[in-house]
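Residue-level structural notes
Listed here are the chains, written in short residue letters.
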Number of protein chains: 2
Amino acid sequence: MTPSNEEYRTRMAQAQARMKEQGVDWLLLAPGSDMRYLSGLSARVSERLNLLALPQAGQPRFYAPALEAMGPRELATQGLFDLSVWQEDENPVKLVAEAVRREGGQQRLAVSDQMWSMFLLRLQAEITNVEWQSAAQVIEPLRIIKSAAEIAALAEIGAAADVVFGEIIKVRFSGRREVEIAELLGQMLRANQHEVAKFAIVASGPNGASPHHDAGERVIEPGDMVVLDFGGIGHHGYGSDISRTVFVAGDAGLAPSEEQLNVCNTVQEAQELAFRAILPGIEAQALDKVARDHITAAGYGEAFLHRLGHGIGLDGHETPYLVHGNATKIAPGMAFSDEPGIYLAGKFGVRIEDIVYCNEDGGVRCNEATRELVMVL
Amino acid sequence: MTPSNEEYRTRMAQAQARMKEQGVDWLLLAPGSDMRYLSGLSARVSERLNLLALPQAGQPRFYAPALEAMGPRELATQGLFDLSVWQEDENPVKLVAEAVRREGGQQRLAVSDQMWSMFLLRLQAEITNVEWQSAAQVIEPLRIIKSAAEIAALAEIGAAADVVFGEIIKVRFSGRREVEIAELLGQMLRANQHEVAKFAIVASGPNGASPHHDAGERVIEPGDMVVLDFGGIGHHGYGSDISRTVFVAGDAGLAPSEEQLNVCNTVQEAQELAFRAILPGIEAQALDKVARDHITAAGYGEAFLHRLGHGIGLDGHETPYLVHGNATKIAPGMAFSDEPGIYLAGKFGVRIEDIVYCNEDGGVRCNEATRELVMVL
């Protein structure tokens, strides 16, 4: 799915309606998910400012450095926004500030969450006596509810990640370093519909006890549990994110210990219970609690080191976050990860993660790769 | 080179000395090059705050989310900094703000350039009545002068990029899409000392006229000029960045046109002239002017769309920028790209780029791959 210019115009109009409600005069968006959601533009993140400035009413304007102006120029000729091209020895922040000041009467300006602070500080120095806030207050309520096309994109890329899991469990793990398995995952993602292979956690044995261990030089051994957590981005900008934990049986055909099996079962049950609890109206924190209560009852509460999940869309992590304290009500169209884990320091870790979304009747999974403990060589 | 903890302590003490001079009370650093330069820490950039807080005097403190605390915990036990671990349902910005307020008398706080605005806005909401500035004013003067070990790292990874160029010109270009060549470049970088293959511009034919064209679906044809601009990061965190332009002779052995040859020669001469002009004391903008004057004299001044170059270190782009208006004096230890280009809309582009550094006697190149126009199949 690539949204039409009509769709982008609708989204910008929706944002402007919210700006009016909230008294926000301008949205100033750096390259990233907010910019892409509203305009389809994927500009570079660097020390050269690319910026989409959306006023509360009227036509937006895009600021591009001369050497990156070709893509924006095409879209500008289609009338989606006006274009200002700045030269290498110009200060683009001054151009933006002048435009904002020209309109007069500004009180509140909103910047995208991922804009680099160097740009916000420069904007704050040029445009004084205004309030600054996050653009998320305007755009999040739009982005958090996915359209049918966005859900289809998540489902499609999720299915591609499932295929990669099916492929990786056929390769030999024993004797290989974690980084080698990560490299293979990257290749498989790129071979399976992923334009970008974004991350591949391969956390073997005791490394699995660190939820965000990347992939290192450790040589994987028979008897290891290995947490695999990988994903990337499809051509449409929507991403995959799946975790499975495998057991390295090796040539000798080792079997997992009672503790390993017990932990795997507990995580799998917690993941399933949280999934079944998804219903329109339930609070995000309640889903976390369902999984956490189950893991706590099994005696591993302290070892579930993180929230249950995160929203997913044009960002790999976005709202809604499934975490204690978040009373956001789950609604049809919300998409997020369901990923409980248990992490035993010095021993191993287990995590099982699917991307799921909520429809009128409850949860639907974007990942269907087996959640049973798989043995690998 | 991995700096010792002693080296990191020295760097932090140097930063603190500058903070005292400038009246900066705290440096608040998000994950990125500043954090890595001062402490060796490579934390994740995400919606979960990782932050290094360095006071003007005394021990720094690192704030890590529970699930990413393992790496920082190891370094903390070595005494490099104190550690505060925050849980998923805590607000880490409040923890930072409390620590800053506890010290009392704060007037100026500095944040790293790449910190996400969402964190700066939250910090500004919690810590009021202070001035905010960029941490670059403190750290840049340190980072801009590379140590012998840093120069060695740049030279080593530059040589690895040269090897990749030697490999890519042996593959067939004709009939392949740009993205296929980019994928090969990525594989070759990873096979040649690069931990991360960060970018691979493959801009063929008319696409070459857009300096930051990535790599697309265009099928490369005999007779095309192709701009290759690629690089990545070594295990030490220092990166490569090299550009060469090749001509696709194809099986028929086509020869470049007079215009293509003329543009190539002009760019090569400009690159060489700028390189020879490197000397301690010359201004950054003077190097840009040397290359630009030569290209302008050849009639292509308008087609040299960008600055001559950028500094390189733990960031792929950092100070000094070789651009009109930058009077920074080049000094021994400064490392930067020398990359003039000519971009002819609708036709083709040519760019030649080396990473170079300045020593007492002048410039030294980190890239030695031939700058002559290479023919490929």
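Criteria and cut-off values
- Residues numbered from 1 in each chain as written.
- Chains lettered and ligands numbered in written order.
- Predicted model: local features only at pLDDT ≥ 70, side-chain atom pairs only at ≥ 80, totals over all residues.
- Heavy atoms only, no water.
- Helix = DSSP H or I, 4+ residues; strand = E, 2+ residues; numbered from the N terminus.
- Rg over C-alpha atoms; globule rule 2.2 N^0.38 Å.
- Buried < 20%, exposed > 50% of the residue type's maximum accessible area, 1.4 Å probe, protein only.
- Contact = heavy atoms within 4.5 Å.
- Areas by Shrake-Rupley, 256 points an atom, 1.4 Å probe, with all protein chains shown as cover.
- Lys, Arg positive; Asp, Glu negative; His and termini not counted.
- Charge placed at Lys NZ, Arg CZ, Asp CG, Glu CD.
- Pairing = 2+ DSSP bridges.
- Axes fitted to C-alpha atoms, helices over the stretch in contact; angles between N-to-C directions.
- Parallel < 35°, antiparallel > 145°, perpendicular 65-115°, else oblique.
- Left-handed = near helix turned anticlockwise from the far one by under 90°.
- Nonpolar A, V, L, I, M, F, W, Y, C, P; charged D, E, K, R; others polar.
- Least-squares fit on C-alpha atoms with pLDDT ≥ 70 in both.
- Phe/Tyr/Trp six-rings, centres within 6.5 Å; stacked < 30°, edge-to-face > 60°.
- Lys NZ or Arg CZ within 6 Å of the ring centre and 35° of its normal.
- Core = buried A, V, L, I, M, F, W, Y, C linked by side-chain atoms within 4.5 Å.
- Domains from an automatic or database assignment.
- Buried area = accessible area lost by both parts, 1.4 Å probe.
- Salt bridge = Lys/Arg side-chain N within 4 Å of Asp/Glu carboxyl O.

1. Some details on the overall build of chain A
Within chain A one finds 10 helices and 17 strands. Taking 2.2 N^0.38 as the reference for a compact globule, 377 residues should give roughly 21 Å; the C-alpha atoms of chain A span a radius of gyration of 23 Å, in line with that estimate. Counting only C-alpha atoms, chain A reaches 75 × 40 × 35 Å along its principal axes. In chain A, which comprises 377 residues, the share counted as buried stands at 57%. Put simply, 65% of the contacts in chain A that link residues at least 6 apart link residues at least 24 apart. Summing over all exposed atoms, chain A offers an accessible surface of approximately 14300 Å²; the carbon and sulfur share of this is 50%. Counting 33 positive and 51 negative side-chain charges, chain A places the centres of these two groups 3 Å from one another.

2. Some details on the sheet that holds strand β3 (residues 61–65) of chain B
Residues and elements named next belong to chain B. Read from one edge to the other, the open sheet built from 6 strands follows the order β4-β3-β2-β1-β5-β6, with strand pairing classed as mixed. Both outer strands of the open sheet, β4 (82–86) and β6 (131–134), are each paired with one neighbouring strand and no more. Looking at each pair of strands side by side, their axes are set apart by 20 degrees on average, direction ignored. Seen against the sheet, helix α3 (residues 70–77) touches β3 and β4 and runs at an angle of roughly 155 degrees to β4.

3. With respect to the sheet that holds strand β9 (residues 242–248) of chain B
Residue and element names in this part refer to chain B. The strand order across the open sheet formed by 4 strands is β7-β8-β9-β17, and the pairing between neighbours is mixed. Where the open sheet ends on each side, the last strands, each with one partner, are β7 (194–204) and β17 (374–376). Adjacent strand axes in the sheet meet at a mean angle of 35 degrees, parallel and antiparallel pairs treated alike. The sheet contact formed by strand β8 (residues 225–234) and β9 spans 6 bridges and is antiparallel. Counted as the bridge partner of L228 is R244 from β9.

4. Here's the deal with the packing of helix α7 (residues 148–168) of chain A against helix α8 (residues 178–191) of chain A
The relative placement of two packed helices comes down to the angle between their axes together with the axis-to-axis distance. Residues and elements named next belong to chain A. It is at 10 Å that the axes of α7 and α8 come closest, and there the two elements cross at 135 degrees. Here α8 runs oblique to α7, going by the angle between their axes. Like other packed secondary-structure pairs, α7 and α8 cross with a definite hand, here right-handed. Residues V164, E167 and I168 of α7 lie in contact with α8, whose contacting residues are I181, L184, L185, M188 and L189. Partitioned by chemical class, the residues of the contact of α7 with α8 number 7 nonpolar, no polar and 1 charged.

5. Quick look at the pairing of strand β1 (residues 26–29) of chain B
Residue and element names in this part refer to chain B. Every second residue of β1 is oriented toward a common face, with W26 and L28 on one face and L27 and L29 on the other, all of them buried. Where β1 and strand β5 (residues 108–111) come together, 3 bridges link them in parallel fashion. Its bridge partner lying in β5, L27 is registered against A110. Note: β1 against strand β2 (residues 51–55), 4 bridges, orientation antiparallel. Across the sheet, residue W26 finds its bridge partner in β2, namely P55.

6. Describing the relation of the copies chain A and chain B
Both copies of the chain are placed relative to one another by a rotation about an axis and a shift along it. The transformation that overlays chain A on chain B combines an axial shift of 0.0 Å with a rotation of 180 degrees, and the residual RMSD is 0.0 Å. Taken together, the rotation angle and the small translation identify this as a two-fold axis. Same-surface contact between copies: 100% of interface residues of chain A are shared with the interface of chain B.

7. Comments concerning the packing of helix α5 (residues 117–126) of chain A against helix α5 (residues 117–126) of chain B
Where α5(A) meets α5(B), the closest approach of the two axes is 8 Å, and the angle between their N-to-C directions is 50 degrees. When the axes of α5(A) and α5(B) are compared, the pair comes out oblique. Note that α5(A) runs across α5(B); the crossing there is right-handed. Contacts between α5(A) and α5(B) involve S117(A), L120(A), L121(A) and Q124(A) on the former and, on the latter, S117(B), L120(B), L121(B) and Q124(B). Its residues assigned to classes, the contact of α5(A) with α5(B) comprises 4 nonpolar, 4 polar and no charged.

8. Re the packing of aromatic side chains
Following the criterion strictly, the structure yields 2 aromatic pairs over all chains and no others. Taken together, a centroid distance of 5.7 Å and an interplanar angle of 40 degrees make the contact between F62(B) and F81(B) tilted. Of this pair, F62(B) sits in strand β3 while F81(B) sits in the loop between α3 and β4, and the two are 19 residues apart along the sequence. Comparing F62(B) with F81(B) shows no difference in burial state: the two are buried. For the cation-ring pair, R11(A) lies above Y37(A), with the distance from its terminal atom to the ring centre recorded as 4.1 Å. Over the face of the ring belonging to F304(B) we find R292(B), whose NZ or CZ atom lies 3.9 Å from the ring centre.

9. Things to note about the environment of D288(B)
Residues and elements named next belong to chain B. Inspection of the secondary structure puts D288 in helix α10 (residues 284–297). The buried category is assigned to D288, whose relative accessible area is 3%. Separated by 35 residues in the primary sequence, D288 and V323 place their C-alpha atoms 5.8 Å from one another. Apart from the residues lying within four places of it in its own chain, the contact partners of D288 are R307, L308, L322, V323 and H324.

10. Focus on the nonpolar core
The biggest cluster of nonpolar side chains holds 50 residues, and the ones touching the most others in it are L28(A), M115(A), W132(A), L28(B), M115(B) and W132(B). Residues within four places of W132(B) in sequence aside, it is in contact with L121(A), L28(B), L109(B), V111(B), L120(B), L123(B), Q124(B) and I127(B).

11. A word on the domain arrangement of chain A
All names here are of chain A. Domain assignment breaks chain A into domain 1 (5–143) and domain 2 (148–376). Here the C-alpha centroids of domain 1 and domain 2 sit 35 Å apart. Each partner contributes to the interface: domain 1 provides 7 residues, whereas domain 2 provides 8 residues. In this assembly, domain 1 packs against domain 2 so that about 620 Å² is buried in total across both faces, 39% of it on carbon and sulfur atoms. Interface area lost by domain 1 to domain 2 is led by R36, E140 and R143, which between them contribute 61%. Summed over the shared surface of domain 1 and domain 2, the result is 2 salt bridges. Notably, a salt bridge pairs E318 with R143, separated by 2.7 Å at the nearest N-O pair.

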